[in-house]
Every structure is written in structure tokens, then in C-alpha cells.
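For reference, the chains in residue letters:
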Amino acid sequence: MRTTGKGSSGLPTASSRLCTRSNREPRIRNCTAKAMFLRQESRAPVTSRTRRGLVYGGWRGSVRRVGAAGSSGRRHSKGGMILNSLSLCYQNKLILAPMVRVGTLPMRLLALDYGADIVYCEELIDLKMLQCKRVVNELLSTIDFVAPDDRVVFRTCAKEQNRVVFQMGTSDAERALAVARLVENDVAGIDVNMGCPKEYSTKTGCHYVAQAVLECNDPTALASLVLELQGGMGAALLSDPDKIEKILSTLVRGTRRPVTCKIRILPSLEDTLSLVKRIERTGIAAIAVHGRKREERPQHPVSCEVIKAIAETLSIPVIANGGSHDHIQQHSDIENFRQATAASSVMVARSAMWNPSIFLRDGLRPLEEVMQKYIRYAVQYDNHYTNTKYCLCQMLREQLESPQGRLLHAAQSSQEICEAFGLDTFYKEITQELDARRAELLTKTPEDVEEPAEDTSGVIKMAVKFDRRAYPPQITPKMCLLEWCRREKLAQPVYETVQRPVDRLFCSVVTVAEQKYQSTLWDKSKKLAEQTAAIVCLRSQGLLEGQLVEESPSLHKRKREAPDQDPALPGELRKKPFAALENGEESPLEGW
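Residues numbered from 1 in each chain as written. Predicted model: local features only at pLDDT ≥ 70, side-chain atom pairs only at ≥ 80, totals over all residues. Heavy atoms only, no water.

Caption draft 1: Representation of the overall build of the protein chain. Across its full length, the protein chain carries 22 helices and 19 strands. At a minimum sequence separation of 6, the contacts of the protein chain that also span at least 24 residues come to 70%. (Helix = DSSP H or I, 4+ residues; strand = E, 2+ residues; numbered from the N terminus. Contact = heavy atoms within 4.5 Å.)

Caption draft 2: Here's a closer look at the pattern of salt bridges. Using the criterion set out here, one finds 18 salt bridges in the structure. E245 is paired through a salt bridge with R278; the nearest N and O atoms lie 2.7 Å apart. Taken together, the residues E245 in helix 8 (residues 241-254) and R278 in helix 9 (residues 269-280) connect sequence positions 33 residues apart. On the accessibility criterion, E245 (31% relative accessible area) is partly exposed. (Salt bridge = Lys/Arg side-chain N within 4 Å of Asp/Glu carboxyl O. Buried < 20%, exposed > 50% of the residue type's maximum accessible area, 1.4 Å probe, protein only.)

Caption draft 3: How the structure looks around the sheet that holds strand 19 (residues 515-519). An order of 16-19-18-17 is seen for the 4 strands of this open sheet, with the pairing classed as mixed. Of all the strands in the sheet, just strand 16 (460-462) and strand 17 (494-500) have a single pairing partner and so form its edges. Pairwise comparison of adjacent strand axes, ignoring direction, gives a mean angle of 20° for this sheet. Judged from the 4 bridges that link them, strand 18 (residues 505-512) and strand 19 form a sheet pairing that is antiparallel. Looking across to strand 19, one finds that T511 is bridged to K516. (Pairing = 2+ DSSP bridges. Axes fitted to C-alpha atoms, helices over the stretch in contact; angles between N-to-C directions.)

Caption draft 4: The arrangement of the pairing of strand 11 (residues 189-194) in detail. In terms of burial, strand 11 is a largely internal element, 6 of the 6 residues being buried. Here strand 11 shows two buried faces, one formed by G189, D191 and N193 and the other by I190, V192 and M194. Here strand 10 (residues 164-169) runs beside strand 11; their pairing, made up of 4 bridges, is parallel. Paired with V165 across the bridge in strand 11 is G189. Regarding topology, helix 5 (residues 173-183) serves as the crossover connection from strand 10 to the parallel strand 11, and that connection is right-handed. Pairing of strand 11 with strand 12 (residues 259-264), which is carried by 5 bridges, proceeds in the parallel orientation. Within the sheet, the bridge partner assigned to I190 lies in strand 12 and is V259. (Right-handed = clockwise from strand over helix to strand, strands pointing away.)

Caption draft 5: Up close: the packing of aromatic side chains. This model, assessed by the stated rule, comprises 4 aromatic pairs. Judged by centre distance (5.2 Å) and plane angle (80°), the ring pair of F154 and F166 falls under edge-to-face. Taken together, the residues F154 in strand 9 (residues 152-157) and F166 in strand 10 connect sequence positions 12 residues apart. On the basis of relative accessibility, which here comes to 2%, the residue F154 falls in the buried class. On the basis of an interplanar angle of 40° and a centroid distance of 5.1 Å, the ring pair of F466 and Y471 is categorised as tilted. Like Y471, F466 is buried. Each member of the aromatic cluster is reached from another via a ring pair, and the members are F145, F154 and F166. (Phe/Tyr/Trp six-rings, centres within 6.5 Å; stacked < 30°, edge-to-face > 60°.)

Caption draft 6: A look at the environment of L96. Tracing the backbone through its elements, the reader meets L96 in strand 4 (residues 94-96). On the basis of relative accessible area, L96 is assigned to the buried category, the value being 0%. Along the chain, L96 and A116 lie 20 residues apart, while their C-alpha atoms are 6.6 Å from each other. Beyond its immediate stretch of four places on either side in the chain, L96 contacts M107, R108, A111, I118, V119, Y120, M347, V348, A352 and F359.

Caption draft 7: Seen up close, the environment of Y120. As for its placement among the helices and strands, Y120 is situated in strand 5 (residues 118-120). It is 9.0 Å that separates the C-alpha atoms of Y120 and T104, two residues lying 16 residues apart in sequence. Once you skip the residues sitting within four places of it in the chain, Y120 turns out to touch Y90, I95, L96, A97, P98, G103, R108, V165, D191, T260, I319 and M347.

Caption draft 8: Region of interest: the nonpolar core. Core analysis: the largest hydrophobic core is formed by 122 residues, its most contacted members being M129, F166 and I287. Look past the residues within four positions of F166 in its chain and what remains in contact with it is C121, L124, M129, F154, V179, V183, V187, G189, I190 and D191. One finds W484, V510, Y517 and C537 within the second-largest nonpolar core, a separate group that totals 20 residues. (Core = buried A, V, L, I, M, F, W, Y, C linked by side-chain atoms within 4.5 Å.)

Caption draft 9: Focus on unusual backbone geometry. Residue K489 is not a glycine yet carries a positive backbone phi of 60°. In this fold, K489 is placed in the loop between helix 18 (477-487) and strand 17. With a phi angle near 55°, A513 is a residue other than glycine that sits in the positive phi range. Structurally, A513 can be placed in the loop between strand 18 and strand 19. A513 gets classed as exposed once you look at its relative accessible area, which sits at 57%.

Caption draft 10: Quick peek at the packing of helix 3 (residues 105-113) against helix 13 (residues 367-380). The interhelical angle for the contact between helix 3 and helix 13, taken along N-to-C directions, is 130°, at an axis separation of 9 Å. Put simply, helix 3 runs oblique to helix 13. The crossing of helix 3 and helix 13 is right-handed. Of helix 13, the residues touching helix 3 (which contributes P106, M107, L109, L110 and D113) are V370, K373, Y374, Y377 and A378. Grouping the amino acids of the contact of helix 3 with helix 13 by side-chain chemistry returns 8 nonpolar, no polar and 2 charged. (Parallel < 35°, antiparallel > 145°, perpendicular 65-115°, else oblique. Left-handed = near helix turned anticlockwise from the far one by under 90°. Nonpolar A, V, L, I, M, F, W, Y, C, P; charged D, E, K, R; others polar.)

Caption draft 11: Region of the structure containing helix 8. Look at helix 8: 20 Å from first C-alpha to last across 14 residues, which is about the 20 Å you get at 1.5 Å a residue. Along helix 8, the residues that are buried comprise I244, I247, L248, S249, L251, V252 and G254. (Expected span 1.5 Å × (residues − 1).)

Caption draft 12: Broad picture of the packing of helix 14 (residues 385-396) against helix 15 (residues 403-410). In the contact formed by helix 14 and helix 15, the axes pass within 10 Å of each other and the chain directions differ by 160°. Relative to helix 15, the element helix 14 is oriented roughly antiparallel. Between helix 14 and helix 15 lies a crossing of left-handed hand. Facing K389, L392, C393 and L396 of helix 14, the residues of helix 15 in contact are G405, L408, H409 and A410. Of the residues belonging to the contact of helix 14 with helix 15, the class tally is 5 nonpolar, 2 polar and 1 charged.

Caption draft 13: Looking closely at the pairing of strand 15 (residues 345-348). Side-chain alternation along strand 15 places S345 and M347 on one buried face and V346 and V348 on a second face that is also buried. Here strand 4 pairs with strand 15 via 3 bridges, running parallel. Within strand 15, the position partnered with L94 by the bridge is V346. Bridge count between strand 14 (residues 318-321) and strand 15: 3 bridges; the pairing is parallel. The partner of A320 across the bridge, within strand 15, is V346.

Structure follows, in C-alpha cells:
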């Protein structure tokens, strides 16, 4: 269905540490939808360097150029509908539904292992995707679509390439086509979300467009974008059949992948049938129908009879969705739901979220086994721990208050999640394997290694790392260094950070009183690199850095008392102890 503003796997992870950038990446920063589309059109051929990156993990040969007109893999049916010769088969399939924060790579792979035929990713917003760069991640053998803030918005791998459907949230045909062309070489199908009733879908598109309006200087483009604010995505599209037809027709004609959409039913059967027949005429490969109205929720009964009427009306496959709450408790229920709706296939959401082995013909597997298998995929593919934790919580459900549930709730890293489920040895083995692979890749591409640009002579260096768990919640080395500089009436510390392209790691140099300090170890984020630089400075000066093991009355007092009760803190810190300390810099609490 959808992703959070930070991304679903969403947050900056070590995910894209070792990667090469494909020359076919779109560099879309323009607020004009038309400009976005045109930039996607001019794609450079795949280079030998890109192909080398694709070899690892079985990606060789997966990137194909679109041929000349008339040879794009599409053909016309007798009725003039445009069909795609590369289509997935949507007949008699078990399908993992798109779900918010759930449909990330580990869950999709797990569903495939348990018998799902097709898996959908969560809904990803078009404007967000158009900011992304396509990155070949050699370390993880994945293809990553990375936002400007280094967050992995979408990650896929060769194992699912022929069975993963990319679902987008869009309200504009040209943007939709630009996104489809961005991802079409790495997915099996393209889907448009027209069924999500949540404000995220119906209004978030407007949020992104509003952001583009604020950044736009072109009057013509601005007028077009303002019009976009009047319409949303998801279920909001159901009230605008003309826009639906334009989006789907544009996608069918413009991409080499099969196009589908997922809708909800309308208040009347007549209106619903009229809409789906119009949708069918666009040439889509299949249609998924959630048998509830826009305002209805899971506790409302699903309308099997409406889905059945749709299936009997259309000639394309109809995928029934919405049966988890009342109908699907075990594998055999999936077929019963399909027969009740006369659908070609069944799309399972909540039942699969609770236990992905619902797809297994032999019956549900023990939850402990399923969760451990999910965690293994999450670690292997560097899934951000917050997303891993969320999915595990959905599986535990009523067991969240159990001892294991409490351990999961307290976990603040992938390592701690593994420890909670007895997988600490596995975590260490995978970490060692990735470290060895990273070292191997670094030795192969020494020319790509970028060191700090400035002259490092006279820089005080130490091999240190910042471990957040060694510090109280409200204390960081950067905060301690800043406080010391103010006490000594020195200028604020200045941090200069560079990123090494080969593995996307960071190194920071901090300047205090005209002396530079730097850690010789590279970190996975800019914020961590700045903390390590601050540690080098503090240790070289013999100053306390705020660790829990240090005996400092003022630091322990700060942890116990409210900031405005601590006379040791400078006035500005007392007022806003965790607000921005420098222009454009996040607070110590958020920025560690």
C-alpha cells in the first residue's frame, strides 16, 4: 500500500553502503511533471560498469533496452486493446497484497518461500520515487532506489524479479509513466493504487505536490501543479474516471511491463460495473478488487457478491481482496474465498501479515519458525531494524506482552532483535560475511576510495567508533564538545564530512580552536561520523564525553533532572536542550 515519509524500509540503512550507480538513473529535481517525463525519456545505454555490477547476484542480462516502435513487446487484440507480451499470468494465483510498512523485501521473499506466486510491494508515491537514483548494491546483491537523503525507498533482488509487482501512488499520468520506466527493468509488473482509503494516499500526493509548488519558479508549471492539489491518489481516484483512464492508458502504452490496478467498490453496483468496464478498455492485464467501499474498514463484511459480479462481467483476470477478516484463517480458506467471489486469483493481506505461511498448502507453520526466518531475511538484506520490529509486532499480536514480546519491544537494533529470538550467532556470522565482502570490494576498486579533500597534516587521529548504547539518552559527544567550547569561550565546532563512493561510508573532521580531529574509522552515516570526530577531540583534550561509565556529577544530574532545572547548562540549552544547535544541524538527541 504505502510507505512512511521516511521510507519503509525507509530509514537510512547500511543498505546502500556498497553500490555503483547506473548511468540510466533519472536525475529528476524539476517541479514540472512534463520535465520529469522528458528526462526519463532520455536514458543512456547500460554501460559495461553497470553490467559488471549486475553480474553479482544473477542480474546479468536482466536489463534490456526498449526496441524501436512496433517492437516494444506489446500487441493488439482483436478488439484493439493493447496487450503486453511480457505479462505475468494473473490466473489462479496466490498473491501477497500491498501493505503499509509490511511489503518490504524480507516479507516479500518470505511469502514467496511459503508459496505465494506474486508479491506486491507497498504503495510508493510517484513524486518520492522520481527523486530516487537507481543503485546497484554489490554488497547485498540488490537493486536499490535511493532518495537524496540516502534512504532506501525501494529494494529488490533477483530472487523476486519475475514475480514482484511495483505498486505506485499517483494522480498524474506522466509522472506515473516516468516512475514505471524507472523501475520496469527490475520488476515484473506495474500497479496503480486506486483503493487505499487512508489519508496517506488520498492526501499525501497533494502534500508532495504542495512541496513542489513551493520550490517551483516556472509560472506555467506552477499552474499545472496547483491543479494537482485538487486531486489525491488511492481511493480518491475512484471519483475521477477520466483521470483513471488517462493514467492507465498512458502506462499500458508506455511501459513494457503488464499494468494492473487495485480498486474498491463504489456505493452502487451499477456504478462499480461501469467503472471496471471502462478500466478494462484501457488494456490493463488484471484488476484487483477490494470488496469494501471507500469508507468501510476490516470490521465491515466484504462484499463477495459484488466481486463476483465484476468477475462475471470482465474478460480480464479479477483478483479478489479483502477476505482476511471474515474468510481466510488457513490455506484452504483461500480457495473457498476465490470460489465465493468467482475470481481468477486471491490477494491476501492481513492473514499473510499475521503469518506468511498462510500460502503454504501443508498448513500454517509455527509462528516462532516463521519469525526467525523473517529475521534472517531482514538481516541478510540489511532491513532497517524499525521496519523489522514493526512486522514482527504484527505477527506477535496478542503475544506482545509475553517475555519475548517485551524483549522485542525493547530492542533498538537488528542485533538486539536477533538476540531476543536466539539468533545472535547468526547475526555475527552475517555481519562477518558482509564485512569480508565489503573488504573484498574495496580492494577491487581502490581508485574509487575518496579521502577527505583537505590537507590532513596536523590532524589528530584516533581509531574510535560511536556506540549510542554507551551513552545516556540525552547525552552525546557532540553535545559535550559544544558545551565545553561555550564554557571556554571558543567558537562552535565546525564539522566537515565526506562520503566515500565505493561503500557510501562517511568520515568527518571537526575543527576546534584551529585544530582538526578525525577518526580513522569510517561510519555508515554523516551523523555517526561527526560523533566519532567529537570523541577524538574530547579524548585528546582529556575531557569527559558523556559515557555511562564516566563518573561525572553534572552529566548524571543532567540525565535525572529536567533541562530547565539544571543550572550547569548554558541558558540556550536550558531553553531548548534538544533543538538545533547550529544552523541546519539536528539536535544531539535526533542527530546521533
